[in-house]
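Coordinates in review
Now for the letters of each chain:
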Amino acid sequence: MHVEVDQPKCVASGQCVLMAPDVFDQDDDGIVELLTDRPGPGHRDGVREAAAVCPAAAIRLEEE
Amino acid sequence: MTTAAPVRRVVIVGASAAGLTAAEALRREGFEGAVTLVGEEHHLPYDRPPLSKQILTGAWPVERAALRRPSDLDALGLDLRLGSRAVRLSPASRTVTLADGAELGYDALIVATGVRPRRLAGHTAPGVHVLRTLEDARRMRERLGAGRRLVVIGAGFLGSEVAAAARSLGASVTVVETAPLPLARVVGDRVGAHLAQLHRDHGVDLRTGVRVGEIVAHGGQVGGVTLTDGTVLPADDVLVAIGSEPNTDWLGGSGLDLADGVVCDQHLTAGPGVYAAGDVARWHHPLFGATLRVEHRTNAAEQGIAAARALLAPERARPFAPVPYFWSDQHGVRIQAFGHLRDHDEAQVVEGAPAEGRFLVAYRTGRRLTGALAVAMPPKALHPWRAAIAAETDWRTLPTAPLPA
């Protein structure tokens, strides 16, 4: 799985951090930061959930 | 519940955030049957929060509001019926009828038809706007700019965001609101007063505690707004932002309970094989002990997913009990909140200070912490409060100092 984030779209809701804290973080303004763009198998369900609920549609996944 | 027949055909009515997210969730959970996604608008699914922000200011091209890339939509293998309006639900035959007469049979149905803006009766002159669709936003954007005069009726989130966007474009903006403070019933007097001052600091002429008489048109073009005290506010454009109504007309006669939305149980079930999600859904929220209908973007996605899961595995469904979240951008200031704030009993500033422009407010309803709102605070400051709301924390046990992160 490959993860991309669109930082200018991010609205800083932090939903992704709540769902996959090992993959997503937020800077001081709340903007998403990727901790890894290739999450391990144990984190992938959380990443899929995060991409689905992101209120800015700012997370995109490529399943490999 | 009796043993249900396997679900082979799912129809989702509504192709915005809730409907699309539900369709994606069905596929993610491994559902390989037919999924028909019906949308009244002609556009591929797009996002609405940017309409009153980046789309209205022109900071983004409209394509940037797309919820998914066309290739991602293709990969879902949907029967996508855009520009199609559902006009009838026949639960006995499990059929949805579209405006063109097509009949869609379903084993399970998700109603995600959202809301429409409330209007002022009889006002259709050019220059009188509502803002819900991409077309609405485009129409406004073409007309707003320096030297133009906009009157916004209603100082809710939408009206306030449009006022801020219009000011950033150089328009003169007047906002009229019947309540003494903007948004006070939701966010409380302290935050409402702060938002009022924010408008005034940015040159918005905010008139609170006033009632609109009528919208005046001259020669088929809007000319202004009169207030019941006799005041005349000249305008080139008027935005009517006085709330929304759930799109449930098409469900009349279906037997579903339609009391301000589609009434569902805790698992989002509205009837046999019928589920609801998004702005249109009203359900009993176990965390707040209240029946809620939530018109926020995050809820649409969370509820779409929950409805899809409940549909595929009713026996494993858990009550839908999220901590609601919303945000609003006004004059470059971000407001974020978790929980159920409306009709709270008490609001306390618990971090920062309104005078400094950065603060966090906690809300009590009954004996419990039920909400938290941050103005211009680092968003992570809200996370411990979200957790405390989810944990049904007693108000008296809250520390007066910030909660540990």
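Along each chain, numbering runs from 1 in the same order as the chain's sequence is written. All chains are assigned letters beginning with A, and all ligands numbers beginning with 1, in the order in which they are written. For a predicted model such as this one, the threshold for reporting local features is a pLDDT of at least 70, and the threshold for listing and counting side-chain atom pairs is 80 or more; totals across whole chains, interfaces and linings nevertheless cover every residue. Hydrogens are left out, water is left out, and the side-chain values use all remaining heavy atoms of the structure.

Brief notes about the overall build of chain A
Regarding its fold elements, chain A presents two helices and four strands. A run of DSSP states H or I qualifies as a helix once it reaches four residues; a run of E qualifies as a strand once it reaches two. Both are numbered from the N-terminal end. When its helices and strands are written in sequence order, chain A yields β-α-β-β-α-β. Radius of gyration means the value over C-alpha atoms here, while the globule rule gives 2.2 Å times the residue count to the 0.38 power. For 64 residues, the compact-globule estimate of 2.2 N^0.38 gives 11 Å, and chain A sits close to it at 10 Å. For chain A, with 64 residues in total, the buried portion stands at 55%. Summed over its atoms, the accessible surface of chain A is roughly 2800 Å², and 43% of this surface lies on carbon and sulfur atoms. As used throughout, the charge tally considers Lys and Arg to be positive and Asp and Glu to be negative, leaving His and the chain termini uncounted. By convention, the charge on Lys lies at NZ, on Arg at CZ, on Asp at CG and on Glu at CD. One finds the centroid of the 5 positive side-chain charges in chain A at a distance of 9 Å from the centroid of its 14 negative side-chain charges. Buried, partly exposed and exposed residues are distinguished by accessible area as a fraction of the type maximum, computed with a 1.4 Å probe on protein chains only: under 20%, between the cut-offs, and over 50%, respectively. Accessible surface area values rest on a Shrake-Rupley calculation with a 1.4 Å probe, where residue burial reflects the displayed protein chains alone.

Remarks on the environment of H284(B)
Residues and elements named next belong to chain B. Mapped onto the fold, H284 is located in strand β21 (residues 281-285). According to the relative accessible area criterion, H284 is partly exposed, its value standing at 33%. Along the sequence, H284 and P319 sit 35 residues apart, while their C-alpha atoms lie 9.0 Å from each other. Should any heavy atoms of two residues lie within 4.5 Å, those residues are counted as being in contact. If near-sequence neighbours (up to four positions away) are discounted, H284 is found in contact with C264, Q266, G289, A290 and T291.

Some points on the interface of chain B and chain A
On the chain A side, the residues contacting the 27 residues of chain B number 27 residues. Buried area counts how much accessible surface, traced with a 1.4 Å probe, disappears from two parts once they are put together, with both parts' losses summed. Here chain B and chain A share an interface that buries about 2100 Å² over both sides, 48% of which is from carbon and sulfur atoms. The largest contributions to the chain B side of the interface with chain A come from R64(B), K380(B) and H383(B), which together make up 22% of the buried area. A carboxyl oxygen of Asp or Glu within 4 Å of a side-chain nitrogen of Lys or Arg is what we treat as a salt bridge. Joining chain B to chain A, the criterion identifies five salt bridges. Note that D72(B) and R60(A) form a salt bridge whose closest N and O atoms lie 2.9 Å from each other. Any N or O atom pair separated by 3.5 Å or less is treated as a polar contact, with the protein-specific requirement of one donor-capable and one acceptor-capable atom, and with residues adjacent in sequence counted only for side-chain atom pairs. In this structure, the connection of chain B to chain A is made through nine residue pairs in polar contact (both at pLDDT 80 or more). Among the secondary structure elements, those contributing two or more residues to the side of chain B that touches chain A are α1 (17-28), α3 (70-74), α8 (297-312), β23 (325-330), β24 (333-339) and α9 (383-390) of chain B.

Re the domain arrangement of chain B
Delimitation of the domains relies on an automatic or database domain assignment. Domain parsing of chain B yields domain 1 (9-116 + 244-316), domain 2 (119-240) and domain 3 (332-397). Computed from C-alpha atoms alone, the centre-to-centre distance between domain 1 of chain B and domain 3 of chain B is 30 Å.

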